[in-house]
Amino acid sequence: ESCLREAPGHRPTLKLYISLLSPGPGLWLETIETLIDLTTDPPEKRALLRQLGRICTEHVGVPGLMEKAIGAYRTLIACGDKSWFVYEALVVLYGQSGALPDAKNLWIESETALTTPQRGELAYAVAGIAKAIEDEGLVAERIDYSEPNALLGSFRCATMPLARA
């Protein structure tokens, strides 16, 4: 830790330090965020953002970590990672937080990034979020079920409990 105090932006030291810590909230999270900020290599930055998103998702019960996970995955998309993994992780987080408008926008954004079956699965997940919110009586908004592929996919988000603030 004294090396970090002396040279807080020294990437090799940060990488060694992060390897010694248990992934999770606290020092590991602070260190990986610093490393992400210092990294200029796009593949390395994407790998670190995936780690950050995954660990924050595993600890979504900790205040602020759901937002950090969503931010990491949104940044991944902005950095060019338009993989199914990223979209799936985001729609699950949006489902847990009841963020239907964000989930709908994600589906719209996915048009050029995902295959037709993946878009169908994503559309069904968004429909599941809308149904869960409607059943909970939280909003009167509905998804357009006439949208092609809106009923394809899995029941992952349809049965997901919504996080309460």
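Note: the structure precedes this text.
We now turn to the structure provided with this report. Every chain is numbered on its own, with residues counted from 1 as its sequence reads. Given that the model is predicted, a residue must reach a pLDDT of at least 70 before its local features are reported, and side-chain atom pairs must reach 80 or more before they are shown or counted; all residues, however, enter totals for whole chains, interfaces and linings. The basis for every side-chain value is the complete set of non-hydrogen atoms in the structure, without hydrogens or water.

When the charged atoms of two side chains lie near each other, side chains of opposite charge can form a pair. Salt bridges are counted wherever a side-chain nitrogen of Lys or Arg sits within 4 Å of a carboxyl oxygen of Asp or Glu. One pass over the structure, following the stated rule, counts four salt bridges. Between R50 and D81 there is a salt bridge whose closest N-O contact spans 2.9 Å. With R50 in helix α4 (residues 42-58) and D81 in the loop between α5 (65-78) and α6 (84-97), this residue pair connects regions lying 31 residues apart in the sequence. Each residue gets one of three labels from its accessible area relative to the maximum for its type: buried under 20%, exposed over 50%, partly exposed in between, using a 1.4 Å probe on protein chains only. Residue classification places D81 among the buried residues on the basis of a relative accessible area of 9%. Across the pair R54 and E58 runs a salt bridge whose closest N-O atoms are separated by 3.3 Å. In this pair, R54 and E58 both sit in helix α4, four residues apart, roughly one turn of the helix. In this structure E58 comes out as exposed when scored by relative accessible area, which is 52%. The secondary structure listing takes helices from DSSP runs of H or I that are at least 4 residues long and strands from runs of E that are at least 2 residues long, numbered from the N terminus.

Take the packing of α5 against α6 next. Viewed as axis vectors pointing N to C, α5 and α6 meet at an angle of 150 degrees, and their least axial separation amounts to 10 Å. Regarding the angle of α5 to α6, the classification is roughly antiparallel. For the pair α5 and α6, the crossing hand works out as left-handed. Every residue of α6 that contacts α5 at M66, A69, I70, Y73, R74, L76 and I77 is listed here: F85, V86, Y87, A89, L90, L93, Y94, Q96 and S97. Helix axes are fitted only over the stretch in contact, all axes being lines through C-alpha atoms; the angle between N-to-C directions runs from 0 to 180 degrees. An angle counts as roughly parallel when it lies under 35 degrees, as roughly antiparallel when it exceeds 145, as roughly perpendicular when it falls between 65 and 115, and as oblique in every other case. Put simply, a crossing is left-handed when the front helix is turned counterclockwise from the back one by less than a right angle, and right-handed when it is turned clockwise. We call two residues in contact when some of their heavy atoms are within 4.5 Å.

Right, let's get into helix α3 (residues 27-38). In this scheme, a helix's expected span is set at 1.5 Å multiplied by one less than its residue total. Taking 1.5 Å of rise per residue, the 12 residues of α3 would be expected to cover 16 Å, and the 16 Å separating its terminal C-alpha atoms lies within 8% of that figure. Those residues of α3 not exposed but buried are W28, L29, T31, I32, L35 and I36. Viewed end-on, α3 has its buried residues packed into an arc of 165 degrees, placing them on one side of the element. Note that the arc is defined by the directions from the helix axis to the C-beta atoms.

With respect to the helices and strands, R46 occurs in helix α4. Separated by 35 residues in sequence, R46 and D81 have C-alpha atoms that sit 7.4 Å apart. Distance and chemistry together define a polar contact, namely a pair of N or O atoms within 3.5 Å, with one atom able to donate a hydrogen and the other to accept it when in protein, and with adjacent residues in sequence counting only for side-chain atoms on both sides. Within the structure, the side chain of R46 is placed 3.3 Å from the backbone oxygen of C79, a separation counted as a polar contact.

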